[in-house]
Amino acid sequence: MKFDVWQIWIIVYIIFAVVTLVPVVKAIFKKIKLNPGGKRFEECLHFTVEGRKRLDDHYSRIKGTLIFWKNKAEMYKYLHYYCLIWSTTIAVSIPVIAQFIVKENNSLLFLTIVSIHSAIIMTLHRTLKVEKNYQDFRIGESEFYDLYRRMLDNPFYFGDTEDNQIKNYIDQVEVMRKQMRNTEINNTPTLNS
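Remember, it's a predicted structure, so these values are computed and weren't measured experimentally. (Residues numbered from 1 in each chain as written. Predicted model: local features only at pLDDT ≥ 70, side-chain atom pairs only at ≥ 80, totals over all residues. Heavy atoms only, no water.)

Along its length, the chain carries 5 helices and 0 strands. Helices and strands appear in the chain in the N-to-C order α-α-α-α-α. A principal-axis box enclosing the C-alpha atoms of the chain has dimensions of 80 × 35 × 20 Å. Looking at the chain as a whole, 35% of its 193 residues qualify as buried. With the model as given, the accessible surface of the chain reaches about 12,300 Å², and the carbon-plus-sulfur share is 61%. For the chain, the distance from the average position of its 26 positive side-chain charges to the average position of its 20 negative side-chain charges is 6 Å. (Helix = DSSP H or I, 4+ residues; strand = E, 2+ residues; numbered from the N terminus. Buried < 20%, exposed > 50% of the residue type's maximum accessible area, 1.4 Å probe, protein only. Areas by Shrake-Rupley, 256 points an atom, 1.4 Å probe, with all protein chains shown as cover. Lys, Arg positive; Asp, Glu negative; His and termini not counted. Charge placed at Lys NZ, Arg CZ, Asp CG, Glu CD.)

Put into structure tokens, the structure is as follows:
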């Protein structure tokens, strides 16, 4: 069986497209752990033993949500970069490939495969709101840790007494969770922008 250069390009392209998709698939199925970070509430000298326990208990209840946000942010990050790199590469390549099209060989088939791949990538990126979801989950995770560090470093930002500080901190975390719940619900595929 004789291969022309375009058949080889088709095989190489498909292999490369699949191989570069592997990190995306891994990110979808991988369960990322939270970074250990620095000192936690259990070591914070700003609070009484009871206050530290309340804060640690609260953190233990939101930890699963934080893991979910981190996993979603990671998944959408890899998918976003895959789409971005491939769509940019394809957009530059198509006009070049078009210059070499000859009906007698597989150049037209190669161009068709590249175009279909591009269409799939762009459709996925848009309908799954990849970039927006990546940003939203990453920002939600980051904002929580900003709030968490603020509570550790400067609890007086949240009030004058320990009880007010803990109550206000928990209230702000709940507001953040409600905002992120909207992100979770609104990340379903859509054909609208």
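This next bit is on the layout of surface pockets. Counted as a void, the second largest pocket has a volume near 250 Å³. Lining the second largest pocket are 14 residues, and of these Trp 9, Tyr 13, Ser 93, Ile 97 and Phe 110 lie nearest its centre. Those elements that provide at least two residues to the lining of the second largest pocket are helix H1 (5–29), helix H2 (49–98) and helix H3 (107–127). In terms of residue count, H2 provides more of the lining of the second largest pocket than any other element does, 6 residues in total. Taken together, the residues of the lining of the second largest pocket sort by class into 12 nonpolar, 2 polar and no charged. (1 Å grid on protein atoms, 1.4 Å probe; cavity = no way out; pocket = protein on both sides within 12 Å on 5 of 7 lines; lining within 4 Å. Points joined across faces, edges and corners; volume = space filled by probe spheres on them. Nonpolar A, V, L, I, M, F, W, Y, C, P; charged D, E, K, R; others polar.)

For the structure on display, the rule yields 19 aromatic pairs. Where Tyr 13 meets Phe 110, the ring centres are 5.8 Å apart and the plane angle is 85°; that geometry is what we call edge-to-face. Taken together, the residues Tyr 13 in helix H1 and Phe 110 in helix H3 connect sequence positions 97 residues apart. A residue is classified by how much of its surface remains accessible, and Tyr 13, at 11% relative accessible area, is buried. The interplanar angle of 40° and the centroid separation of 5.3 Å between the aromatic rings of Tyr 59 and Tyr 148 together place this pair among those described as tilted. Of this pair, Tyr 59 sits in helix H2 while Tyr 148 sits in helix H4 (residues 130–153), and the two are 89 residues apart along the sequence. The exposure class assigned to Tyr 148 is buried, which follows from its relative accessible area of 7%. Site record: aromatic cluster; members linked through ring pairs are Phe 41, Phe 47, Tyr 59, Phe 144, Tyr 145, Tyr 148, Tyr 157, Phe 158 and Tyr 169. Here the basic side chain of Arg 150 rests over the ring of Tyr 157, its NZ or CZ set 4.6 Å away from the ring centre. (Phe/Tyr/Trp six-rings, centres within 6.5 Å; stacked < 30°, edge-to-face > 60°. Lys NZ or Arg CZ within 6 Å of the ring centre and 35° of its normal.)

Turning our eyes to something else, we now look at a nonpolar patch on the surface. Where nonpolar side chains cluster on the molecular surface, the patch consists of Val 5, Ile 8, Trp 9 and Val 12 and spans about 380 Å² of accessible area. Within the secondary structure layout, Val 12 lies in helix H1. (Patch = residues over 30% accessible without salt bridge, like charges linked within 9 Å, V, L, I, M, F, W, Y side chains within 5 Å. Salt bridge = Lys/Arg side-chain N within 4 Å of Asp/Glu carboxyl O.)

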